[in-house]
Amino acid sequence: MQLPTLKIEIEDKNISIPIRQRFQTIIKEKKSNLCLSADLTSLDEIIELSNLIGKNICMLKIHCDILTDFSMDKIQELKDVSRRLNFLLLEDRKFADIGNTVALQYTKGLFQIAEWADLVTVHVLPGEGIVQALEQAAQTINESRGCLLIAQMSSKGALTNNEDYVNGVIKCAEKYSDFVIGFISQSRLTTSDKYLHCTPGVHLTNTGDQLGQQYVTPRQAIDGRGADIVIVGRAILDSINRVKTAEAYQQECYQVYEELHLS
Ligand code: BMP
């Protein structure tokens, strides 16, 4: 007699929760609105670091195209760490092409970004078709996915920082509000708390670098510029003790956030 085949479904408890809700829960549960920008060229090093700092962050941002040792096995390992230590993975791909091309860049090639990145960053420069294409492509994945629209940049002379452009970005977010969960921004763009405002260009001691990056402090980013999430890279990566520095940024960022939003 032939036995019926048993269909075993391995449930990831996170799969069914919409990404927006998951993000908000992580921030509150972990008391962290800190995103580490892990701009390192070794995925092994990122995995090692995220094992140490994962408890302090709500999100880890990477640039997969700077990695010299990328493989799907390793990125799966990073994804496992992110699930275990409860933070989101953001691929800062800054998509900026026509819909058909970005759908391929998102799902195919060496990186297969849609397979592992909870969130991606997107320029709206080519028009809203870019977001439509990514949202459609994300529907082929068995987990909740989302994106952050780049509304304003931290770098000196950024052409994104004019009112018409930003208004276009906000309109696009409203049209695709299931998939767009927030912005990369330098100011508060909407009163709706549906959108998480994520602000890079943050450093407690430096005011900029030699290549146009401009920094503000966590307090200026959150209080002055309306950030929900603070994105910090070299301030942590270049410090003598990355773990201690990440803890200090987590505390400072969440304290200011709590004063403003939760008191
Ligand atoms: P750092 O804190 O080391 O300056 O790094 C900032 C990170 O945020 C970089 O990965 C950069 O690509 C990203 N970023 C930024 O600095 N400004 C922006 O406007 C948008 C970004 O994604």
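Residues numbered from 1 in each chain as written. Predicted model: local features only at pLDDT ≥ 70, side-chain atom pairs only at ≥ 80, totals over all residues. Heavy atoms only, no water.

Visitor: Looking at this model, I keep getting lost on the pattern of salt bridges. Mind explaining?
Guide: When the charged atoms of two side chains lie near each other, side chains of opposite charge can form a pair. According to the stated counting rule, one finds 17 salt bridges in the structure shown. Here Asp-44 makes a salt bridge to Lys-74, at a shortest N to O gap of 3.2 Å. Of the two residues, Asp-44 is situated in helix α2 (residues 43–53) and Lys-74 in helix α3 (residues 72–84); the sequence distance between them amounts to 30 residues. Exposure remark for Asp-44: the relative accessible area of 40% places this residue in the partly exposed category. Residues Lys-61 and Asp-92 are paired through a salt bridge, measuring 2.6 Å at the closest nitrogen-oxygen approach. (Salt bridge = Lys/Arg side-chain N within 4 Å of Asp/Glu carboxyl O. Helix = DSSP H or I, 4+ residues; strand = E, 2+ residues; numbered from the N terminus. Buried < 20%, exposed > 50% of the residue type's maximum accessible area, 1.4 Å probe, protein only.)

Visitor: Any chance you could explain helix α7 (residues 163–175) here in plain terms?
Guide: Think of an α-helix as turning once every 3.6 residues; residues three or four places apart then point the same way. Given a rise of 1.5 Å per residue, 13 residues ought to cover 18 Å, and the 18 Å separating the end C-alpha atoms of α7 matches this to within 8%. Those residues of α7 lying buried are Tyr-165, Val-166, Val-169, Ile-170, Cys-172 and Ala-173. Summarising the axial view, the buried residues of α7 lie within an arc of 160°, below the 170-degree limit, and thus occupy one face. Structural note: α7 exposes Glu-163, Asp-164, Lys-171 and Lys-175 on the side pointing more than 90 degrees away from its buried face. In the core, the buried residues of α7 are packed alongside β4 (119–123), α6 (129–138), β5 (146–150) and β6 (180–184). The backbone nitrogen of Asp-164 lies 3.1 Å from a side-chain oxygen of the residue at the head of α7, namely Asn-162. (Expected span 1.5 Å × (residues − 1). Arc of directions from axis to C-beta. Contact = heavy atoms within 4.5 Å. Polar contact = N/O pair within 3.5 Å; in protein donor to acceptor, adjacent residues only side chain to side chain.)

Visitor: When you look at the pairing of β6 in this model, what are you seeing that I'm missing?
Guide: A regular strand carries its side chains on alternate faces of the sheet. A large share of β6 lies buried, amounting to five of its five residues. Pairing geometry for β5 and β6, over four bridges, is parallel. Residue Leu-149 lies in a different strand from β6, and its bridge partner there is Phe-183. Tracing the backbone out of β5, into α7 and back to the parallel element β6 gives a crossover that is right-handed. In this sheet, strand β7 (residues 196–199) lies alongside β6 in parallel orientation, the contact comprising three bridges. Bridge pairing in β7 links Ile-184 to Cys-198. (Pairing = 2+ DSSP bridges. Right-handed = clockwise from strand over helix to strand, strands pointing away.)

Visitor: Help me understand the UniProt feature "active site" (unreviewed entry) in the protein in this model?
Guide: This chain's UniProt record puts "active site" (unreviewed entry) on Asp-92, Lys-94 and Asp-97. Of the annotated set named above, Asp-92 and Lys-94 line the largest pocket. In this fold, Asp-92 is placed in strand β3 (residues 88–95). The exposure class of Asp-92 is buried, given its relative accessible area of 8%. If we skip the residues at most four places from it in the chain, Asp-92 touches Lys-61, Ile-62, His-63 and Thr-121. Lys-94 has contacts with His-63, Thr-121, Val-122, His-123, Ile-150 and Met-153, leaving out every residue within four places of it along the chain. Within the local environment of Lys-94, its side chain forms a polar contact with the side chain of Asp-92, the two groups lying 2.8 Å apart. (UniProt positions renumbered as here; feature names shortened; annotations may be inferred. 1 Å grid on protein atoms, 1.4 Å probe; cavity = no way out; pocket = protein on both sides within 12 Å on 5 of 7 lines; lining within 4 Å.)

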